[in-house]
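# Structure assessment
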Amino acid sequence: MEPAERFQFYSNKATVKDMEAAAIGEIAQLKGIPVVAVKSITDLIDKFKGSDEVANKPKELLKSAEEYEDTAMQFLKNLMLATERLGETIPLVVEHLLGKFPSQC
């Protein structure tokens, strides 16, 4: 990360880098259109069960059906939680943008 980018993150109290929303935001800014992005991160890691033990084996041997199932279940659990959190957060964001805060509702 370049020093200027690090400074921008620090000064804006950023905790994640979102390339997709950044691209949309850049185009919106060029066209003078306000934009707000709200996303949720599933935080799925790219490790399979037992990956430390088999780190040097060929890929074909690493991805058994059980490992795919474990990864898919982890992703679905994370996705459900992310969706639930977005459902809680979006109304607060909309209220904030409209100048209404939860305590005023």
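Below is a short write-up of the structure. Since this is a predicted model, take the numbers as computed values, not measurements.

About the thresholds
- Residues numbered from 1 in each chain as written.
- Predicted model: local features only at pLDDT ≥ 70, side-chain atom pairs only at ≥ 80, totals over all residues.
- Heavy atoms only, no water.
- Helix = DSSP H or I, 4+ residues; strand = E, 2+ residues; numbered from the N terminus.
- Buried < 20%, exposed > 50% of the residue type's maximum accessible area, 1.4 Å probe, protein only.
- Contact = heavy atoms within 4.5 Å.
- Areas by Shrake-Rupley, 256 points an atom, 1.4 Å probe, with all protein chains shown as cover.
- Patch = residues over 30% accessible without salt bridge, like charges linked within 9 Å, V, L, I, M, F, W, Y side chains within 5 Å.
- Salt bridge = Lys/Arg side-chain N within 4 Å of Asp/Glu carboxyl O.

Turning next to the overall build of the protein. Within the protein, the regular secondary structure consists of four helices and zero strands. The N-to-C order of helical and strand elements in the protein reads α-α-α-α. Considering the protein as a whole, with its 105 residues, one finds that 10% of them fall into the buried category. Long-range contacts, defined here as pairs at least 24 residues apart, represent 49% of the contacts in the protein between residues at least 6 apart. Of the roughly 9,300 Å² that the protein leaves accessible, carbon and sulfur atoms contribute 59%.

Nonpolar side chains collect at one region of the surface, where Val 36, Val 38, Ile 90, Val 94, Leu 97 and Leu 98 lie side by side and expose about 530 Å² of accessible area between them. Residue placement: Val 36 occurs in the loop between helix 2 (19-30) and helix 3 (59-62). Look at Val 36 and you get exposed, because its relative accessible area is 52%.

What follows concerns the environment of Gln 74. The topology assignment puts Gln 74 in helix 4 (residues 65-97). Counting along the chain gives 32 residues from Gln 74 to Thr 42, while the straight-line C-alpha distance between them is 9.5 Å.

Following the criterion strictly, the structure yields two salt bridges and no others. Residue Glu 20 pairs with Lys 39 through a salt bridge whose shortest N-O separation is 3.4 Å. Placement of Glu 20 in helix 2 and of Lys 39 in the loop between helix 2 and helix 3 is noted, with a sequence separation of 19 residues between them. Assessed through its relative accessible area of 52%, Glu 20 is described here as exposed. One network of salt bridges, in which partners are shared, links Asp 18, Glu 20 and Lys 39.

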